[in-house]
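# Descriptive analysis of the structure
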Amino acid sequence: LVLPAIFACCSCIHWSSKDQKITNQPAAAGQKRPRNDAGNRVTVVLGAQWGDEGKGKVVDLLATEADIVCRCQGGNNAGHTVVVDGKEYDFHLLPSGIINTKSISLIGNGVVIHLPGLFEEGDKNEKKGLRGWEKRLIVSDRAHIVFDFHQVVDGLQETERQAQEGKSIGTTKKGIGPAYSSKASRIGLRVCDLLGDFSDFSTRFKNLVRHYQSMHPSLTVDTEDQLKKLKDYAERLRPMVRDGVYYMYEALHGPPKRILVEGANAALLDIDFGTYPFVTSSNCTVGGVCTGLGIPPLNIGDVFGVAKAYSTRVGIGAFPTEQLNAAGELLQTRGHEVGVTTGRKRRCGWLDLVIMRYAHMINGFTAIALTKLDILDVLDEIKVGIAYKLNGKRIPHFPANMDILHKVEVEYETFPGWKTDTSTARKWNDLPAKAQNYIRFIENHIGVPIKWVGVGKSRECMIQMF
Ligand code: GDP
Ligand code: IMO
Ligand code: MG
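Since this is a predicted model, take the numbers as computed values, not measurements.

Cut-off values and rules
Residues numbered from 1 in each chain as written. Chains lettered and ligands numbered in written order. Predicted model: local features only at pLDDT ≥ 70, side-chain atom pairs only at ≥ 80, totals over all residues. Heavy atoms only, no water. UniProt positions renumbered as here; feature names shortened; annotations may be inferred. Helix = DSSP H or I, 4+ residues; strand = E, 2+ residues; numbered from the N terminus. Contact = heavy atoms within 4.5 Å. Polar contact = N/O pair within 3.5 Å; in protein donor to acceptor, adjacent residues only side chain to side chain. Near = heavy atom within 4 Å. Areas by Shrake-Rupley, 256 points an atom, 1.4 Å probe, with all protein chains shown as cover. Salt bridge = Lys/Arg side-chain N within 4 Å of Asp/Glu carboxyl O. Buried < 20%, exposed > 50% of the residue type's maximum accessible area, 1.4 Å probe, protein only.

### Some thoughts on the UniProt feature "binding site: substrate" (unreviewed entry) in the chain
- Annotation from UniProt places "binding site: substrate" (unreviewed entry) at Asp52, Val340, Thr341, Thr342, Gly343, Arg344, Lys345 and Arg346. In terms of the greatest pairwise C-alpha distance, the residues named above, spread along 295 residues, form a tight cluster of at most 12.4 Å across.
- With respect to the helices and strands, Asp52 occurs in the loop between strand E3 (42–47) and helix H2 (55–63).
- Along the chain, the position of Lys345 falls in the loop between helix H12 (326–334) and strand E15 (347–349).
- Residues within four places of Lys345 in sequence aside, it is in contact with Gln332, Glu337 and Val338.

Now the structure itself:
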């Protein structure tokens, strides 16, 4: 096996930061130049497919040792499941690390926040036993706000797309696209605006409503009622709000800290690199970590990609390895492939190594977590997409154009199924040889070591390889 050096040398390290302070350009003897001590590094967890890869579970695993867990992009379109002591939690805006009572959770400037959604989520999880979350949560003052009308507009836009082109995107209708549009149009409102002069905020809010009403005449908004509610939310939010950039700067430059970043959505849903226009509206790849938290690239440490042992997608858009047959149905039912946020059935298909290599080109994964291997346990044979062909010829890149992506022919490698229950496996040697071959093939093909293999929903069901 030809694997990167990390595979051989990091036998037990999850964390990039603790003992590895980065120092560049040390001052030479006798010189009075400032020393650029770049500080701690953050460990990043990102989706490598179309979302729902099991990021929540991987974050939970790492969060047990983390000091700070951050969200840097997306909003409550995300749905991250964590199962602890038999209890299932789903997180949408709150970082999954909020479960860990010893760590701080941070919602960065790159996130768009629907305040009713945030508090409903916290209150719902409180009923399940989550205590003191409001004291452990920090919210960046630069984060943009998703208003109720953004969510209504999301629905109206979907209806319009369907009527005009016969194609909606299949969004989560959480207002994500409209809120990021307001941000990009420079008419959005941020947390710092909500906590500032309320009369100024009210004027800008009314202007924003009028802007959307001019585009969508059927949109009705009870402005006074909305402003009253927002004023109440402002007071509940105020104790959590900080200057996110300064908070991160201090965290990176103080004593060693383990800082984890929880990606939402995934590479193929990224606004720049995903299957546009069937994508979300933020950068779900590694660049979103720097822009969504205000931290330099030098502080990025390990970047862990999370992928299922097969592929799923919620919503509309190209999906070259999709299986509209018995194999796809089996993956859907055995994998309980139903969206956490919308309750929609997820489309299912074989693992696609073309998209994973593409996700690696963009993110530079240092290792991968391969989840849901147990779902494949009953299959006679398992296929893996290894290349795309156009007019009979392999293409080296992932096509940007959706018409082309719809036309590609997938070249598959077929593996015999292991037909053995893997859900009780806890170490590499517990896995059947055929499952080991499957895993080895994937890591060799992508050129990234697989660090964890998931064989069940709970914390214990994660085999750590090195
Ligand atoms: P996320 O959005 O990436 O955090 O993933 P979701 O929570 O939306 O979906 C992943 C689903 O798979 C959740 O229901 C998890 O509990 C479940 N899951 C995660 N890892 C495994 C695994 O290794 N095996 C099985 N059977 N289920 C898993
Ligand atoms: P997590 O973090 C799966 C998909 C939607 C839709 C498209 C655009 O749980 O992996 P949006 O509401 O963002 O404008 O919808 O993106 N989508 C997701 N699919 N998991 C997610 O998040 C997703 N977030 C967005 O289904 O196709
Ligand atoms: Mg999800």
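The rest of the description comes next.
### Considering the side chain of Asn109
- When you line up the elements, Asn109 lands in the loop between strand E7 (104–107) and strand E8 (112–113).
- Among the polar contacts listed, one links the side chain of Asn109 to the backbone oxygen of Thr291, at a separation of 2.8 Å.
- Once you skip the residues sitting within four places of it in the chain, Asn109 turns out to touch Ser140, Arg142, Ala143, His144, Lys183, Thr291, Gly292, Leu293 and Gly294.

### Quick notes on the site of ligand 1
- Residues in close proximity to ligand 1 total 19 residues, the closest being Lys55, Gly56, Gly79, Thr81 and Asp374.
- In the environment of ligand 1, a nitrogen atom lies 2.7 Å from a nitrogen or oxygen atom belonging to the side chain of Asp374.
- Here an oxygen atom of ligand 1 sits 3.5 Å away from a polar atom, N or O, in the side chain of Lys457.
- Relative to its unbound accessible surface of 580 Å², ligand 1 loses 94% to contact with the protein.
- Counting only elements with at least two residues in the shell around ligand 1, the list comes to H2 and strand E5 (80–84).

### Re the pattern of salt bridges
- One pass over the full model with this rule turns up 25 salt bridges.
- Among the salt bridges present, the one from Asp60 reaches Arg459, with a minimum N-O distance of 2.6 Å. Highlighted residues: Asp60 in helix H2 and Arg459 in the loop between strand E21 (450–454) and strand E22 (462–464), separated in sequence by 399 residues.
- Judged by its relative accessible area of 3%, Asp60 falls in the buried class.
- By relative accessible area, which is 27% here, Arg459 ends up partly exposed.
- Linking Arg161 and Glu158 is a salt bridge whose minimum nitrogen-to-oxygen distance equals 2.5 Å. Residue Arg161 and its partner Glu158 are both found in helix H5 (residues 148–165); the two are separated by three residues, about one turn of the helix.
- With a relative accessible area of 24%, Arg161 lands in the partly exposed category.

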